[in-house]
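Below are the chains, spelled out letter by letter.
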Amino acid sequence: MTDPTIRTPPDEARGGLDGAGRPEGRVGPGSALAEAGRRAALTEEEWAVFVSRDTTPGRPVSLE
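I will try to describe carefully the structure that is included in this document. Given the structure is predicted, the values throughout are model-derived calculations rather than measurements.

Conventions and cut-offs
- Residues numbered from 1 in each chain as written.
- Predicted model: local features only at pLDDT ≥ 70, side-chain atom pairs only at ≥ 80, totals over all residues.
- Heavy atoms only, no water.
- Helix = DSSP H or I, 4+ residues; strand = E, 2+ residues; numbered from the N terminus.
- Buried < 20%, exposed > 50% of the residue type's maximum accessible area, 1.4 Å probe, protein only.
- Areas by Shrake-Rupley, 256 points an atom, 1.4 Å probe, with all protein chains shown as cover.
- Salt bridge = Lys/Arg side-chain N within 4 Å of Asp/Glu carboxyl O.
- Patch = residues over 30% accessible without salt bridge, like charges linked within 9 Å, V, L, I, M, F, W, Y side chains within 5 Å.
- Expected span 1.5 Å × (residues − 1).
- Polar contact = N/O pair within 3.5 Å; in protein donor to acceptor, adjacent residues only side chain to side chain.

## Notes on the overall build of the protein chain
Across its full length, the protein chain carries 3 helices and 0 strands. Along the protein chain, from the amino end to the carboxyl end, the secondary structure elements read α-α-α. When each of the 64 residues of the protein chain is scored for burial, the buried share is 2%. In the form shown here, the protein chain has an accessible surface area of approximately 6500 Å², with 58% of it arising from carbon and sulfur atoms.

Written out as structure tokens, the structure reads:
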């Protein structure tokens, strides 16, 4: 019979990984950006500026 108070190295590692998840209360960058967007409450005119901007790639920089 094995003593339940004795933990093997794999048990220790598994226990450490179980507690390695996202800390409670932490907000990820995507959630923070989404919340900032909701708080901004852009008007239709302001949103049109973002949608209509030129999205073509810029000209490469010449190092010569």
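## Section: the pattern of salt bridges
Pairing between side chains becomes possible if they bear opposite charge and their charged atoms approach one another. Counted under the stated rule, the structure contains 2 salt bridges. For the salt bridge of Glu35 with Arg38, the shortest nitrogen-to-oxygen distance reads 3.2 Å. Here Glu35 and its partner Arg38 are both found in helix 2 (residues 29-40), 3 residues apart, which amounts to about one turn of the helix. Owing to a relative accessible area of 31%, Glu35 belongs among the partly exposed residues under this scheme. The exposure class of Arg38 is exposed, given its relative accessible area of 57%.

## Focus: unusual backbone geometry
Phi angles above zero are rare outside glycine, and Ala41 is one such case at about 45°. Residue position: Ala41 is located in the loop between helix 2 and helix 3 (44-52).

## Comments concerning a nonpolar patch on the surface
Nonpolar side chains collect at one region of the surface, where Leu42, Trp47, Phe50 and Val51 lie side by side and expose about 420 Å² of accessible area between them. Of note, Trp47 is situated in helix 3.

## Overview of helix 2
The end-to-end C-alpha separation of helix 2 is 16 Å, in line with the 16 Å expected for 12 residues at 1.5 Å each. Looking one or two places after helix 2, you find Ala41, whose phi comes out positive at around 45°.

## Overview of the environment of Asp54
Note that Asp54 resides in the segment after helix 3. Among the polar contacts made by the side chain of Asp54, one reaches the side chain of Thr56 at a distance of 2.9 Å.

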